[in-house]
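# Architecture at a glance
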Amino acid sequence: MSNDVPAPLIHGGAHTPRAPLPVLPPLALYIHIPWCVRKCPYCDFNSHTASPQLPEEEYVDALLADLDQDLHGVHGRALSSIFFGGGTPSLFSAQALGRLLKGVEARIAFAPDIEITLEANPGTFEQAKFVAYRALGINRLSIGIQSFQQAKLEALGRIHNGDEAVRAADMARQAGFDNFNLDLMHGLPDQSLEDALGDLRQAIALKPTHISWYQLTLEPNTVFWNQPPTLPEDDTLWDIQEAGQALLAEHGYAQYEVSAYAQPGRAARHNLNYWSFGDFIGIGAGAHGKLSHPDGRIVRTWKTRLPKDYLNPAKRFLAGEKALANEELPFEFLMNALRLTQGVDARLYPERTGLPLQSLADGRREAEQSGLLQVEPSRLAATARGQLFLNDLLQTFLS
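Note that the structure is predicted; figures quoted are calculated from it, not measured.

Relative to the 18 Å expected for 13 residues at 1.5 Å per residue, helix 5 (residues 162–174) spans 19 Å between its end C-alpha atoms, a close match to the ideal helical length. Every buried residue of helix 5 is accounted for by Gly162, Ala165, Ala168, Ala169, Met171 and Ala172. Buried residues along helix 5 sit against helix 3 (127–135), strand 8 (140–146), helix 4 (150–155) and strand 9 (180–186). One side-chain oxygen at the N-terminal end of helix 5 lies 3.1 Å from the backbone nitrogen of Asp163; it belongs to Asn161. Downstream of helix 5 by one or two residues, Gly176 has phi in the positive range, about 105°.

Below is the structure:
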């Protein structure tokens, strides 16, 4: 099917043609490592229990071959960021990740200030390995703590303890990482307000540059979905949210996204690119990507999910792709941009979608009248109420 003449957007009764993109968005790379020591009962990510011997060499070969098939979407851009997600990417050796990074750089230029993030869990920390990671050019860690309290860690099925979590942060700094994130959950089974604030205080004491603090949710296809634990009441959850945000702000962690808090200048560049409708190549088992093309096409891709299939030479890496239709773009753009507490410059919408800002007029008017969207012509930003009721806000932009 030809994409030279995109279908019109029907919004407010007007036909809105999509223009070629004036400039392509920044480009990032997401690399999925799908293995974990053990699958957590709340996790709905594409992760699988690791065997004693990981197929590192074969998987790196597959990742580079997968990347080769996506090079047509680079269009001369350099990579602004790389994110190793999982699973637990820190199960891979520095040697394997080094070969992978060299292979990536041989194919796509790295921006001079590229941010390269590796997800790691406290149970996988080894000082020598993390010094070696830093020497490869990996310059940011995201450490999956979730809680420092033993009872909560056991309820979450985590393999580390609180002392290991504290040591992991210290070891990250000793290994040369001056930029790292701590992942924390709240709303845990039987968690009180003081439990939640205790975790936050411990995290803040470790002086990370970034804290991801988000509420545990029960997702389909998880153990917790089928065997739900007892979670705090709504009033307690609200108290935790309010008190936690105040505590983070008091210690210099500004909320810039629904669940992301950072010291000045330390917001995660990879995630900012994602939330501002930037482009990203996704390689690895089950990885997703989004690529814009100069003619205006915007294509989402997803890769073969099971590691054994991804490693099978007889099977394709690409499991599916979808060119976004005009009528999907307002929701697709705003679903990401409105997660940012400050929203985005309104000019970014036509720049990233090829559609005129006027195509949002009806939805903006309705959302502003409902008190969900800020009345500010130069920006697209949710109000404080809109942040709380983001799904309701987004519904106003569905065609």
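After presenting the structure, the write-up continues.
Packing of helix 1 (residues 56–70) against helix 2 (residues 94–107) brings their axes to within 10 Å, and their N-to-C directions diverge by 15°. Regarding the angle of helix 1 to helix 2, the classification is roughly parallel. Both helix 1 and helix 2 take part in a crossing whose hand is right-handed. Contact residues: Glu56, Glu57, Val60, Asp61, Leu63, Leu64, Leu67 and Asp68 in helix 1; Ala96, Arg99, Leu100, Gly103, Val104 and Arg107 in helix 2. For the contact of helix 1 with helix 2, a count of residues per class yields seven nonpolar, one polar and six charged.

With that settled, consider the environment of Ala384. Looking at where Ala384 falls in the secondary structure, it is placed in helix 14 (residues 384–388). For the pair formed by Ala384 and Leu372, sequence separation is twelve residues and the distance between their alpha carbons is 7.7 Å.

This next bit is on a negative patch on the surface. Side chains of Glu233, Asp234, Asp235, Asp239 and Glu242 sit close together on the surface and give a patch of like negative charge. Within the secondary structure layout, Glu242 lies in helix 8 (residues 234–250). Residue Glu242 is classed as partly exposed on the basis of its relative accessible area, which comes to 44%.

UniProt's feature table lists "domain: Radical SAM core" (unreviewed entry) at residues 21–257, given in the numbering used throughout. The span residues 21–257 carries 38% helix and 23% strand; its end-to-end C-alpha distance comes to 26 Å.

If you walk through the whole model with that rule in mind, you get twelve aromatic pairs. Taking the centre distance of 5.4 Å and the plane angle of 45° together, the rings of Tyr59 and Tyr310 count as tilted. Note that Tyr59 is positioned in helix 1 and Tyr310 in helix 10 (residues 307–310), a separation of 251 residues in sequence. Like Tyr310, Tyr59 is buried. Summarising the aromatic geometry, the rings of Phe333 and Tyr349 are spaced 5.3 Å apart at their centres and angled 80° between planes, so their arrangement reads as edge-to-face. Linking Phe333 in helix 11 (residues 329–337) with Tyr349 in helix 12 (residues 348–353), this pair joins segments that are 16 residues apart in sequence. On the accessibility criterion, Phe333 (0% relative accessible area) is buried. The exposure class assigned to Tyr349 is buried, which follows from its relative accessible area of 0%.

Residues Trp238, Leu388 and Phe389 make up a contiguous nonpolar surface patch of about 320 Å² in total accessible area. Of note, Trp238 is situated in helix 8.

The final tally for this structure, using the stated rule, is 18 salt bridges. A salt bridge links Arg269 to Asp113; its shortest N-O distance comes to 3.4 Å. Of this pair, Arg269 sits in helix 9 (residues 269–275) while Asp113 sits in strand 7 (residues 110–120), placing them 156 residues apart in sequence. Among the residues examined, Arg269 registers a relative accessible area of 40% and is labelled partly exposed. A salt bridge links Lys152 to Asp195; its shortest N-O distance comes to 3.6 Å. Linking Lys152 in helix 4 with Asp195 in helix 6 (residues 193–205), this pair joins segments that are 43 residues apart in sequence. Via salt bridges that share partners, Glu57, Asp61 and Arg99 belong to a single interconnected network.

Basis of the calculations
- Sequence positions are assigned chain by chain, starting from 1 and proceeding in written order.
- Where totals are concerned, whole chains, interfaces and linings use all residues; where local detail is concerned, this predicted model gives features only for residues with pLDDT of at least 70, and gives and counts side-chain atom pairs only at 80 or more.
- By convention in this description, side-chain values take in all heavy atoms of the structure and omit both hydrogens and water.
- Counting from the N terminus, the helices are the DSSP runs of H or I reaching at least four residues and the strands are the DSSP runs of E reaching at least two.
- To estimate the expected span of a helix, count its residues, drop one, and scale the result by 1.5 Å.
- Buried residues are those whose accessible area, probed at 1.4 Å on protein chains only, stays under 20% of the maximum for their type, while exposed residues exceed 50% and partly exposed ones sit between those limits.
- Between two residues, a contact is recorded if the distance between any of their heavy atoms is within 4.5 Å.
- The term polar contact refers here to a pair of N or O atoms within 3.5 Å; inside protein, the definition further demands a hydrogen-donor-capable atom paired with an acceptor-capable atom, and it admits residues adjacent in sequence only when both atoms are side-chain atoms.
- An axis is simply a line fitted to the C-alpha atoms; with a helix, the fit covers only the stretch in contact. Between two such axes, the angle follows the N-to-C directions and lies from 0 to 180 degrees.
- The scheme is simple: roughly parallel for angles under 35 degrees, roughly antiparallel for over 145, roughly perpendicular for 65 to 115, oblique for anything else.
- Take the far helix as your reference; a near helix turned counterclockwise from it by less than a right angle gives a left-handed crossing, and one turned clockwise gives a right-handed crossing.
- Residue type decides the class: Asp, Glu, Lys and Arg count as charged, Ala, Val, Leu, Ile, Met, Phe, Trp, Tyr, Cys and Pro as nonpolar, and the leftover types, Gly among them, as polar.
- Exposure above 30% relative accessible area and the lack of any salt bridge qualify a residue for a patch; like charges then connect within 9 Å, and the nonpolar side chains Val, Leu, Ile, Met, Phe, Trp and Tyr within 5 Å.
- Residue exposure ignores everything except the shown protein chains as possible cover, and the areas themselves are Shrake-Rupley values with a 1.4 Å probe.
- By definition, a salt bridge exists where a carboxyl oxygen of Asp or Glu is found within 4 Å of a side-chain nitrogen of Lys or Arg.
- Under this rule, positive means Lys or Arg and negative means Asp or Glu; His and the chain ends count for nothing.
- By convention, the charge on Lys lies at NZ, on Arg at CZ, on Asp at CG and on Glu at CD.
- UniProt positions are given in the numbering used here, feature names are shortened, and annotations may be inferred rather than shown by experiment.
- Only Phe, Tyr and Trp rings are paired, with Trp represented by its six-membered ring, and only when their centres lie within 6.5 Å; those with planes under 30 degrees apart are stacked, over 60 edge-to-face, the remainder tilted.

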